[in-house]
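Geometric and topological summary
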Amino acid sequence: MLKGYHFMCCSLQKLQFLHNACPGSFFVFGCKTAHLIHSNPNEGSEGESENEWERLLKPFDLEELRKSLHEITPFQLNKLLLLPLDVPTSMELFHWAGSLKGYTHSFDVYYTLIDKLAAAKEFRMIDKLLSQMKDEGIVIKESAFIMIMRHYGRAGLPGQAARLLFDMRSTFAIEPTFKSYDTVLDILLAGNCPKVVPNIFYEMLSKGISPTVLSFGRVLKALCMVSELDSACSLLRDMTKHGCVPNSVIYQTLIHALSAANRVNDALRLLEEMLLMGCVPDVNTFNDVIIALCFRHRVQEATKIFDRMLVRGFSPDSVSYGVLMHGLCSVGRVDDARLLLRKVLNPSVVLLNTMLSGYIKNSRFEEAKAFLEESMINGGCQLDMYTYNILVRGLCMRDLLTSAHEVVKNMALGGCEPTVRTYTLLIHGFCKKGQFEEAEAIMHEMQHKGLQLNTVGYNSLISALCKDGQLDEAFELFRSMPIKGCKPDIFTFNSLIHGLAKADKMDEALSMFRDMFMYGVIANTVTYNTLIHAFLRKRAIDKALELVNGMRFRGFTLDEYTSTSLIKAFCEEGALDKALSLFDEMWAKGMHSNNLPSVTLINSLCKAGRIQKAMEFIREMSFRGLQPDIVIYNKLISCLCKMQRVEEAFSLFRKLESLGVLPDSLTYNILIRAYCRAGSPQNAYALLDRAVACGFTPDDVTWHRGAQEEFETIVAFNSQPRNESLKTAHKLDGMVESQIGAWLSIRCIERLLNSMNLMSFT
C-alpha cells in the first residue's frame with residue numbers, strides 16, 4: 001500500500017510540470033492506473049517545437065520510474081507510448097515493461113508502438129515486433145497490417161506493402177479480406193505501379209475473396225494507365241458476375257482513357273450505356289468525348305453531344321466551348337463557332353483568341369480584323385501574348401511581313417513583351433519567302449532584347465536554307481546551335497539530310513545520318529524515307545534495301561508511299577516476286593488506300609509476259625476485298641492487245657459490266673485501235689457503235705491515234721460496193737464532225753476516198 005502511494009506521489013510530481021506546461025493534457029493516476037486524456041498536440045503556445053517537447057519530457061526519468069513503479073498495466077503503457085516520445089525512449093519503455101514479472105504486452109501496445117516505428121520508417125524493427133507477437137501467441141488483427149501497408153505507401157515502398165499482403169497468409173496465418181487487398185491496390189496505384197495491380201486483383205479472385213466496386217475501379221484505372229483498354233472493357237462486363245454494378249467513376253475512367261486513345265466510337269458506346277444505367281456523367285466526361293470527336297474532325301457529332309449536355313441540365317464550361325469552337329473552325333464552320341461564342345456570357349480571352357485564330361486559319365482576314373476591333377479591343381479585352389502571336393501568324397500567312405514586324409515592335413504598348421515564340425513565327429515567315437537577311441535581322445533584334453533563338457527557330461532557318469540550296473549557310477547555323485545552347489533535334493537532321501539528298505550528296509547525307517546518334521537523336525520514319533527515296537531515284541536499290549533492313553531492325557514500319565516506291569523499283573529491276581511479296585506485306589498491314597501498287601504490278605507482269613499471273617493477281621485482289629478499278633483493267637486489256645490476244649481482251653471487256661466496273665474512253669480506244677491493227681475494221685465499228693449507244697463520245701484519241709493506222713486499214717472497204725463505202729464515209733463524217741470540226745472530217749474522208757480511187761471531195 002505504501003509502495004503504491006509512493007508511486008502515485010512520485011509520478012504526479014514528475015508529470016506535474018508537463019501538465020502545467022500543456023493545459024491540453026491532464027493526467028489522473030490511481031494506485032495502479034494512469035489515465036491520459038490528450039487533446040490536440042498542436043494546440044497551446046504557438047512557439048512549441050520539437051526541442052521544447054523534449055524539454056517538457058525531461059521529468060520522465062526512466063531509472064527512477066523503474067525504482068518507483070513496480071507494476072504497470074498494458075493500458076498504462078499504451079497511454080505512455082501515445083505520448084510524443086522518440087523511438088529509443090519508446091522502445092526502452094516497451095522492453096522495460098516487458099521484463100516485469102507477470103506483465104504481458106497487449107495487441108494495443110504493439111499497435112501503438114508499430115505505428116510510431118512505421119512513422120519513423122523503422123520497418124526492420126516492425127518485422128521483429130510482428131514475429132514477437134506471433135511467438136507470444138497474440139492474435140494480430142488485420143487493422144495492424146493495413147496500418148503498416150499504408151506507412152509503406154507513404155514511405156514510397158509499394159512493393160513492401162504487396163509483400164506484407166502475401167506474408168499475412170503465409171507467415172502469420174491471417175486471411176486478408178477485401179480491405180487489405182483494396183489498401184494494397186491503392187498503394188500500388190499511388191506508387192505508379194499499375195502493371196502489378198491486375199496481378200493482385202486476380203490473386204484476390206483466386207482466393208475466393210469477393211471484390212467490391214472500389215476494387216474494380218482501381219483495377220480498371222490501372223489497366224487504363226498501361227493502355228490495356230480491351231482488358232479494361234472486358235473486366236467491366238465481368239463486374240456483374242461478381243455482384244457489382246459499375247458506378248459513374250468507373251464509366252468516367254474508361255471513357256476518359258478511350259477518348260485519349262482516339263477510340264471515340266467505344267467511348268460513345270460507353271457514354272450511352274452509362275446514361276442507360278442511370279449513372280450521371282460530369283462535365284469532364286462530356287468534354288473528353290467532345291475533344292476526341294473534334295480531334296477526328298467529327299464535329300457534327302461533337303455538336304450533338306454538346307446539345308445533349310444542355311438538354312440534361314449540365315452547364316458547359318470554358319473547355320467545352322473552347323474545344324467545340326476550335327473543332328468548328330478546323331472544318332471551316334467559322335460562322336457556327338461565332339454563334340456558339342455569342343452564347344457565352346463574358347467570354348474569356350482564351351475563347352476570344354480561339355475565335356480570332358479560327359478566322360485567320362480560314363483566311364477570313366477582314367472578319368478577323370473586325371472581330372479584333374469590335375469584340376476584343378472595343379470590348380475592353382486585354383490582349384495577351386497569344387493574341388499577338390495569332391496576329392503575327394495571320395499577317396505572315398498573307399505575306400504581310402512588314403506589318404507583322406510592326407505588330408511585334410508595338411507589343412510593349414499593349415502591355416506584352418514578344419517572346420521567343422513570337423520571333424520564331426516572324427522568322428519562319430521571312431524564311432518561307434526566302435528573305436534570309438530580314439530573318440537574320442530579327443535574330444539580332446532578339447539578341448538585343450536578351451532572347452535567344454530556340455531549336456524551332458533554328459529549324460525554320462535551316463529548313464528554308466536547305467530548300468533554297470544554301471547548304472553551307474545551313475550547316476553554319478547547325479554548327480552554331482550548341483554554342484547558343486540549342487540542341488539539334490530530329491527535325492534539324494531531317495532538314496539537312498533532305499537538303500544533301502536533294503543536292504545529290506548522298507555520301508554526306510549518310511554521314512549525317514550516322515552522326516545523329518552521336519547527338520542523342522534517333523532517326524525516325526521521315527529520315528529513313530528521305531534516304532530510301534533518294535537512293536531509289538538513283539536506282540541504287542541495294543543501298544535502299546540496306547536502309548529498309550536497318551529501319552525494320554529498329555522497329556519502324558514502311559509506310560505506304562515508301563512501299564509503293566520499292567514495288568516500282570523491284571518491278572523496274574525485274575524482281576517481280578519480291579514486289580509481289582512486298583505487296584502482300586502491305587495488304588497485311590492495311591496499306592491499300594490506292595491502287596497504284598496494283599497497277600504497277602499488273603503492268604510489270606504483263607510486260608514480262610506473265611498474263612496468267614496478272615489475271616490471278618486481279619482475282620486475289622477481289623477475294624481480299626479490294627475492288628480493281630478501270631485503270632487496272634485497262635492495263636490488262638492493253639497488255640492483251642499488245643500481245644495480239646484481242647479476243648481475250650474483248651472477253652475481259654465484256655465481264656466488266658458484271659463486275660460493276662464501267663469502261664471509260666481509254667478502254668474503248670484501246671480495243672478500237674487493237675481491232676484496227678488486227679485488220680478487223682468491222683469489229684472496230686461495231687464496238688464504236690456500242691460505245692456511242694452507251695454514252696461514249698469519241699475524242700481526239702479515238703480518231704487521230706487510230707487514224708494513222710486505222711484509215712489504212714479502212715482501205716479494206718474498197719472491196720465493198722461503192723454505195724456501202726460512201727455510207728461508211730458519211731457515217732464517219734457525222735461522228736467526227738461532232739467532235740473535232742468539219743475540216744478534220746473532210747480531210748479524213750478525202751484520204752479514205754482517195755485510197756479507194758473515188759472522186760475527191762472539195
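See the structure above.
Residues numbered from 1 in each chain as written. Predicted model: local features only at pLDDT ≥ 70, side-chain atom pairs only at ≥ 80, totals over all residues. Heavy atoms only, no water.

**Brief notes about the overall build of the protein chain**
- Counting secondary structure elements, the protein chain contains 42 helices and two strands.
- A buried classification covers 48% of the 762 residues belonging to the protein chain.
- For the protein chain, long-range pairs separated by at least 24 residues make up 58% of all intrachain contacts whose partners lie at least 6 apart in sequence. (Helix = DSSP H or I, 4+ residues; strand = E, 2+ residues; numbered from the N terminus. Buried < 20%, exposed > 50% of the residue type's maximum accessible area, 1.4 Å probe, protein only. Contact = heavy atoms within 4.5 Å.)

**Thoughts on the packing of helix 32 (residues 560-573) against helix 33 (residues 576-588)**
- Two numbers describe how helix 32 lies on helix 33: the axes approach to 8 Å, and their chain directions differ by 165°. Taken together, the axis directions place helix 32 and helix 33 in an arrangement best described as roughly antiparallel. Note on packing geometry: the crossing formed by helix 32 with helix 33 is left-handed. Two secondary-structure elements touch here, helix 32 through Glu 560, Ser 563, Thr 564, Leu 566, Ile 567, Phe 570 and Cys 571 and helix 33 through Leu 576, Lys 578, Ala 579, Leu 582, Phe 583 and Met 586.
- Looking at the contact of helix 32 with helix 33, its residues break down into nine nonpolar, two polar and two charged. (Axes fitted to C-alpha atoms, helices over the stretch in contact; angles between N-to-C directions. Parallel < 35°, antiparallel > 145°, perpendicular 65-115°, else oblique. Left-handed = near helix turned anticlockwise from the far one by under 90°. Nonpolar A, V, L, I, M, F, W, Y, C, P; charged D, E, K, R; others polar.)

**Digging into the packing of aromatic side chains**
- Within the structure shown, the criterion is met by 19 aromatic pairs.
- With centroids separated by 5.4 Å and ring planes inclined at 55°, the aromatic side chains of Phe 145 and Phe 172 adopt a geometry described as tilted. Of this pair, Phe 145 sits in helix 8 (residues 142-154) while Phe 172 is found in the loop between helix 9 (158-170) and helix 10 (178-190), placing the two residues 27 residues apart along the sequence. An identical accessibility class is assigned to Phe 145 and Phe 172; each is buried.
- Among the aromatic side chains, those forming a connected cluster through ring pairs are Phe 475, Phe 478, Phe 493 and Tyr 519. (Phe/Tyr/Trp six-rings, centres within 6.5 Å; stacked < 30°, edge-to-face > 60°.)

**Examining a negative patch on the surface**
- Where like charges cluster on the molecular surface, the negative patch consists of Glu 437, Glu 438, Glu 440, Asp 468, Asp 472, Glu 473 and Glu 476.
- Of all the elements in the fold, those that place two or more residues in the negative patch are helix 25 (436-448) and helix 27 (471-480).
- Following the sequence through the fold, Glu 473 ends up in helix 27. (Patch = residues over 30% accessible without salt bridge, like charges linked within 9 Å, V, L, I, M, F, W, Y side chains within 5 Å. Areas by Shrake-Rupley, 256 points an atom, 1.4 Å probe, with all protein chains shown as cover. Salt bridge = Lys/Arg side-chain N within 4 Å of Asp/Glu carboxyl O. Lys, Arg positive; Asp, Glu negative; His and termini not counted. Charge placed at Lys NZ, Arg CZ, Asp CG, Glu CD.)

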